[in-house]
Amino acid sequence: MRIIPAIDIIDGKCVRLSKGDYDTKIIYNENPLEVAKSFEAHGIEYLHLVDLDGAKSSKIVNYKILEQIASQTSLKIDFGGGLKSDDDLRIAFESGANQITGGSIAVKNRAIFEKWISEYGSEKIILGADAKDEKIAVSGWLEDSNEDLIPFIQDYQNKGIQYVICTDIAKDGMLEGPSFDLYGKILEEAKGIKLIASGGISTFDELPKLAELGCEGTIIGKAIYEGRISLKQLEDFIIRK
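How each quantity is defined
Residues numbered from 1 in each chain as written. Predicted model: local features only at pLDDT ≥ 70, side-chain atom pairs only at ≥ 80, totals over all residues. Heavy atoms only, no water. Helix = DSSP H or I, 4+ residues; strand = E, 2+ residues; numbered from the N terminus. Buried < 20%, exposed > 50% of the residue type's maximum accessible area, 1.4 Å probe, protein only. Contact = heavy atoms within 4.5 Å. Polar contact = N/O pair within 3.5 Å; in protein donor to acceptor, adjacent residues only side chain to side chain. Salt bridge = Lys/Arg side-chain N within 4 Å of Asp/Glu carboxyl O. Arc of directions from axis to C-beta. Phe/Tyr/Trp six-rings, centres within 6.5 Å; stacked < 30°, edge-to-face > 60°. Lys NZ or Arg CZ within 6 Å of the ring centre and 35° of its normal.

## Overview of the environment of Phe180
Then comes step 1: Within the secondary structure, Phe180 is located in helix α8 (residues 180–189).
Then comes step 2: On the accessibility criterion, Phe180 (25% relative accessible area) is partly exposed.
Then comes step 3: Along the chain, Phe180 and Ala197 lie 17 residues apart, while their C-alpha atoms are 9.0 Å from each other.
Then comes step 4: Setting aside chain neighbours within four positions, we find Phe180 in contact with Glu206, Lys209, Leu210 and Leu213.

## Details of the side chain of Arg16
Then comes step 1: As for its placement among the helices and strands, Arg16 is situated in strand β2 (residues 13–18).
Then comes step 2: Given a relative accessible area of 7%, Arg16 falls into the buried group.
Then comes step 3: A distance of 2.8 Å separates a polar atom in the side chain of Arg16 from a polar atom in the side chain of Asp8.
Then comes step 4: With near-sequence residues (within four places) excluded, Arg16 lies in contact with Ala6, Asp8, Thr24, Lys25, Ile26, Tyr28, Asp172, Gly221, Lys222 and Tyr225.

## Digging into the pattern of salt bridges
Then comes step 1: Using the criterion set out here, one finds 17 salt bridges in the structure.
Then comes step 2: Between Asp87 and Arg90 there is a salt bridge; the shortest N-O distance is 2.5 Å. A residue pair is termed a helical-turn pair when its members lie 3 or 4 positions apart in one helix, as Asp87 and Arg90 do in helix α4 (residues 86–94) at 3 residues.
Then comes step 3: Owing to a relative accessible area of 41%, Asp87 belongs among the partly exposed residues under this scheme.
Then comes step 4: Under the relative-accessibility criterion, Arg90 is labelled partly exposed at 36%.
Then comes step 5: The closest approach of N and O atoms between Lys185 and Glu134, which form a salt bridge, is 3.2 Å. In this pair, Lys185 is assigned in helix α8 and Glu134 in the loop between β7 (125–132) and β8 (135–138), connecting sequence segments 51 residues apart.
Then comes step 6: By sharing partners, the salt bridges in this structure join Arg110, Glu114, Glu147, Asp155 and Lys159 into a single network.

## Regarding unusual backbone geometry
Then comes step 1: In this structure, Lys19 is a non-glycine residue whose phi angle is positive, near 55°.
Then comes step 2: Looking at the element boundaries, Lys19 is found in the loop between β2 and β3 (21–29).
Then comes step 3: In this model, Asp133 sits at a positive phi of 55°, which is unusual for a non-glycine residue.
Then comes step 4: Inspection of the secondary structure assignment puts Asp133 in the loop between β7 and β8.

## A few points about the environment of Arg110
Then comes step 1: Among the structural elements, Arg110 can be located in helix α6 (residues 110–120).
Then comes step 2: The partly exposed category is assigned to Arg110, whose relative accessible area is 23%.
Then comes step 3: In sequence terms Arg110 and Tyr156 are 46 residues apart; their C-alpha atoms lie 9.6 Å from each other.
Then comes step 4: With residues up to four places along the chain from it excluded, the contact list for Arg110 reads Ile105, Glu147, Phe152, Asp155 and Tyr156.

## Things to note about helix α3 (residues 63–72)
Then comes step 1: All of the buried residues in α3 are Ile65, Leu66 and Ile69. Buried positions in α3, seen along its axis, are confined to an arc of 105° and lie on one side of it. In this structure, α3 carries Lys64 and Ser71 as exposed residues pointing more than 90 degrees from its buried face.
Then comes step 2: Among the structural elements, β1 (2–10), α1 (32–41), β4 (46–51), β5 (76–80) and α4 are those in contact with the buried residues of α3.

## Topic: the packing of aromatic side chains
Then comes step 1: The final tally for this structure, using the stated rule, is 6 aromatic pairs.
Then comes step 2: Relative to Tyr156, the ring of Phe113 has its centre 5.2 Å away and its plane inclined at 90°; by these criteria the two rings are edge-to-face. One end of the pair, Phe113, is in helix α6; the other, Tyr156, is in helix α7 (residues 149–158), and 43 residues separate them in sequence.
Then comes step 3: Look at Tyr156 and you get buried, because its relative accessible area is 0%.
Then comes step 4: Ring centres 5.4 Å apart and planes at 80° place the aromatic pair Phe152 and Tyr156 in the edge-to-face group. Highlighted residues: Phe152 and Tyr156, both in helix α7, separated by 4 residues, approximately one helical turn. Considered together, Phe152 and Tyr156 belong to a single accessibility category, that of buried residues.
Then comes step 5: Grouped by ring-pair contacts, the aromatic residues Phe113, Trp116, Phe152 and Tyr156 constitute a single cluster.
Then comes step 6: Across from the ring centre of Tyr46, 4.6 Å away, lies the NZ or CZ of Arg2, which sits over that ring.
Then comes step 7: Residue placement shows Lys56 over the ring face of Tyr22; its charged tip is 4.2 Å from the ring centre.

If you want it as structure tokens, here you go:
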């Protein structure tokens, strides 16, 4: 299972929210590149970089930070937040993204998201399936949709999607543990999907459980920043694999 730390960006700074609520913002570091370099120094190869300003403004905003991290580390970055147009996608890939994650766009403009899958290939495009009570949420989680989570994933699986990041919004940033039951259900019903678990990771012991469940990767945010999981523990986990 891949270990994928998260850096969320607002105003160029590394922050975390709780349940996607912008009013709960905590700034953890003024310098995202410094944070990324500390991940890399502990043997981490992957990074989940989220442009929270972009998610709110419906266009890519913090691409300069993406460019900075991509050019000064060897981390493989998946980038999301506010990618709404062909131009946004071009900027993201030109700025050094290895993959992009599309969430709101996959709900609100299926035609363009399906075009991205066919143009760039399923290795490059990740489906962001963020859910509240098993319903998809969009626009930086500020809006609910009527889309049911698992049929939504299955539908895009039929369109060629391989990778899905699923965040249970109720768990995100709460340090109360991930949604093991939900992930088990997804893996059971969407056979063959490469599921990346996100939201609620609070202790190191949860990681082997997610691996055993069959998750392809896990995104860890606040647990790192709050010192619940150390980078040394993650380094050891990666080496043991």
